[in-house]
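One letter stands for each residue in the lines below.
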Amino acid sequence: MADTFWLSKEAFLKIAETSGLDTADRHMDELYAFVQQMLSNLKDIEDLNLEGMEPFMPALPAKEGSR
């Protein structure tokens, strides 16, 4: 299993403040835990071995008027 990505509470609160969030909000602890879990999930994705895999290119519908 991949190592858990660690983000200090101090760094999290600074990022939250810079992003315009109210760091005194009572939900900051819950948001911090959620962000920690999401960072851990991203680390798991980063560790996937995709060697030899072609990128997925979904077919997108043509924009109106571009024909």
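Residues numbered from 1 in each chain as written. Predicted model: local features only at pLDDT ≥ 70, side-chain atom pairs only at ≥ 80, totals over all residues. Heavy atoms only, no water.

Turning next to the overall build of the protein chain. In terms of helices and strands, the protein chain carries 2 helices and 0 strands. Burial status across the protein chain gives 12% buried among its 67 residues. Summing over all exposed atoms, the protein chain offers an accessible surface of approximately 6300 Å²; the carbon and sulfur share of this is 59%. (Helix = DSSP H or I, 4+ residues; strand = E, 2+ residues; numbered from the N terminus. Buried < 20%, exposed > 50% of the residue type's maximum accessible area, 1.4 Å probe, protein only. Areas by Shrake-Rupley, 256 points an atom, 1.4 Å probe, with all protein chains shown as cover.)

Helix length check: helix α2 (residues 28–46) (19 residues) gives 27 Å between terminal C-alpha atoms against 27 Å at 1.5 Å per residue, within 8%. Along α2, the positions that sit buried rather than exposed are Met28, Tyr32, Gln36 and Ser40. Take α2 and look down its axis: the buried residues cluster within an arc of 125°, on one side only. Facing away from the buried surface of α2 by more than 90 degrees, the exposed residues are Glu30, Leu42 and Ile45. (Expected span 1.5 Å × (residues − 1). Arc of directions from axis to C-beta.)

A few words now on the packing of aromatic side chains. Enumeration over the complete set of coordinates arrives at 1 aromatic pair. Between Phe12 and Tyr32, the aromatic rings sit 5.1 Å apart at their centres with planes inclined by 55°, giving tilted as the arrangement. You can see Phe12 sitting in helix α1 (residues 9–18) and its partner Tyr32 sitting in helix α2, a full 20 residues away along the chain. (Phe/Tyr/Trp six-rings, centres within 6.5 Å; stacked < 30°, edge-to-face > 60°.)

Limitation: the analysis is restricted to geometry and does not speak to function.
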